[in-house]
Amino acid sequence: MTAEPPPPQLAELPNGGWDSRLRMFRAGDEVDTFALVTRRYVVMIDTMSTPELAAGIVTALAGDLRRRQLLVVNTHADYDHCWGNAIFAAPGGAHPAPIIGHALARQRLLGRLARQKLRARQRQEARFASVVLVPPSITFTSALRIDGGDLALELLHTPGHTADHVAVWVPELRLVLAGDTAELPWPKVGSAATLPRLRRSLARLRRLDPLRVLPCHGGTTTPALLARNLAYFDDLAAQAQAALAAHALPSEWDTRDDLPALIGVPLAAAARQAGVDPATLPDLYRQFHLTNIRATVRRLNAASDPAAR
């Protein structure tokens, strides 16, 4: 029998030179989340993967919450961003608070697929035993602004990674909380159909001209991340287009695990271009790279097929 991996440990990261109203929390190598302490509110951005992790963040924020209302934002409905929601559910949660998210995030969390994924995780790991799927209680479809008094949080619909994805722009700090729209070394695109949406979302965030970009994965703060992620997808498209034009891909390309090498963007080269040592690259990003290339080739094939237009 395979032993369960140890659960990720929650830690608050030391201030890395950013505004003291921003606090960052990390659950091992699983996910980073954030809290913004404004004059009126403490806004918690994502609730991590379990109620226990979410409760740990609330405990760390206790001093700031004495004089402020707690608000919760879900960037999207992936497990590591919202499975801690139950402690904020009213009236039975330990810390009742409004949960804000995109309308599609609510649909996802109320859907059958979400229940299936939860049951599968609960069978695999005991740490998910207390998870209850709780959707956002306040939803929007395009954008929503939270006026904190001294800071405003602009919630922007940034689809591509998922259809329900939301990023947060804080203009007073010129800060982007990117969620999973941007990642180091690269984000995962949802599908060939959503690839243009992810690129538009990255470009939209880049046009904000932020001073700092904090993704939920990758541990970076540099605004150059947005340009690097866009350049990564540009390179995939250029190399895939060249391979298709040269008829260099076999008919079964869609099932080939060596597709990155076939189009000329092997994993190691892509990682180095993103500024990451290939030897330290988590296996997850190996799969993301393959998924992104498959989506890119499918998109190019569809664009060149008159019957698909």
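See the structure above.
Rules and cut-offs
- Residues numbered from 1 in each chain as written.
- Predicted model: local features only at pLDDT ≥ 70, side-chain atom pairs only at ≥ 80, totals over all residues.
- Heavy atoms only, no water.
- Helix = DSSP H or I, 4+ residues; strand = E, 2+ residues; numbered from the N terminus.
- Rg over C-alpha atoms; globule rule 2.2 N^0.38 Å.
- Buried < 20%, exposed > 50% of the residue type's maximum accessible area, 1.4 Å probe, protein only.
- Lys, Arg positive; Asp, Glu negative; His and termini not counted.
- Charge placed at Lys NZ, Arg CZ, Asp CG, Glu CD.
- Core = buried A, V, L, I, M, F, W, Y, C linked by side-chain atoms within 4.5 Å.
- Contact = heavy atoms within 4.5 Å.
- Pairing = 2+ DSSP bridges.
- Axes fitted to C-alpha atoms, helices over the stretch in contact; angles between N-to-C directions.
- Parallel < 35°, antiparallel > 145°, perpendicular 65-115°, else oblique.
- Left-handed = near helix turned anticlockwise from the far one by under 90°.
- Nonpolar A, V, L, I, M, F, W, Y, C, P; charged D, E, K, R; others polar.

Draft legend 1. Geometry of the overall build of the protein. When its secondary structure is counted, the protein shows 10 helices and 12 strands. A compact globule built from 309 residues should have a C-alpha radius of gyration of about 19 Å, and the protein, at 20 Å, falls within 12% of that. In terms of overall dimensions, the protein has C-alpha extents of about 65 × 50 × 40 Å along its principal axes. When each of the 309 residues of the protein is scored for burial, the buried share is 50%. Of the side-chain charges in the protein, 35 are positive and 29 negative, and the distance between the mean point of each set is 5 Å.

Draft legend 2. Representation of the nonpolar core. L36, F88 and L177 are the most contacted members of the largest nonpolar core, which totals 46 residues. Here this core gets 5 residues from one element, more than from any other, and that element is strand β3 (residues 31-37). Contact partners of L36, with chain neighbours within four places excluded, come to R21, L22, Y41, V42, V43, L151, L153, V170, L173, L175 and L177. By size, the runner-up hydrophobic cluster in this structure holds 40 residues, among which are A182, L195, A243 and A270.

Draft legend 3. Summary view of the pairing of strand β11 (residues 175-179). In terms of residue burial, β11 counts as a mostly covered element, since 5 of its 5 residues are buried. Both faces of β11 are covered, namely the face carrying L175, L177 and G179 and the face carrying V176 and A178. In this structure, strand β10 (residues 166-170) lies alongside β11, joined through 3 bridges in antiparallel fashion. From the neighbouring strand, V170 faces β11, where its bridge partner is L175. The antiparallel hairpin formed by β10 and β11 contains 4 residues in its connecting segment, where R174 sits at a positive phi of about 50°. Across 4 bridges, the pairing between β11 and strand β12 (residues 212-215) is parallel. In the strand pairing of β12, L175 is matched with R212.

Draft legend 4. The arrangement of the sheet that holds strand β6 (residues 99-102) in detail. With mixed pairing, 7 strands are arranged side by side in an open sheet as β1-β2-β3-β4-β5-β6-β7. Taken across any chain shown, the strands that pair with only one partner, and hence form the sheet edges, are β1 (10-12) and β7 (138-140). Within the sheet, the average angular offset between the axes of one strand and its neighbour, ignoring direction, is 20°. Strand direction decides the pairing type here: β6 and β7, joined by 3 bridges, are parallel. The partner of I100 across the bridge, within β7, is I138. Contacting β6 and β7, helix α4 (residues 103-110) runs over the sheet at an angle of about 100° to β6.

Draft legend 5. A look at the packing of helix α6 (residues 195-207) against helix α7 (residues 224-245). For the pair α6 and α7, interaxial distance at closest approach is 9 Å and the crossing angle is 150°. By the angle between their axes, α6 is roughly antiparallel relative to α7. Note on packing geometry: the crossing formed by α6 with α7 is left-handed. In contact with L195, L198, R199, L202, A203, L205 and R206 of α6, α7 contributes L226, A227, N229, L230, F233 and D234. Of the residues contributing to the contact of α6 with α7, the split by class is 9 nonpolar, 1 polar and 3 charged.

Draft legend 6. Spotlight on the side chain of T38. As for its placement among the helices and strands, T38 is situated in the loop between β3 and β4 (41-45). When its relative accessible area of 1% is taken as the criterion, T38 is described as buried. If sequence neighbours within four positions are ignored, T38 has contacts with R68, G148, D150, L151 and L153.

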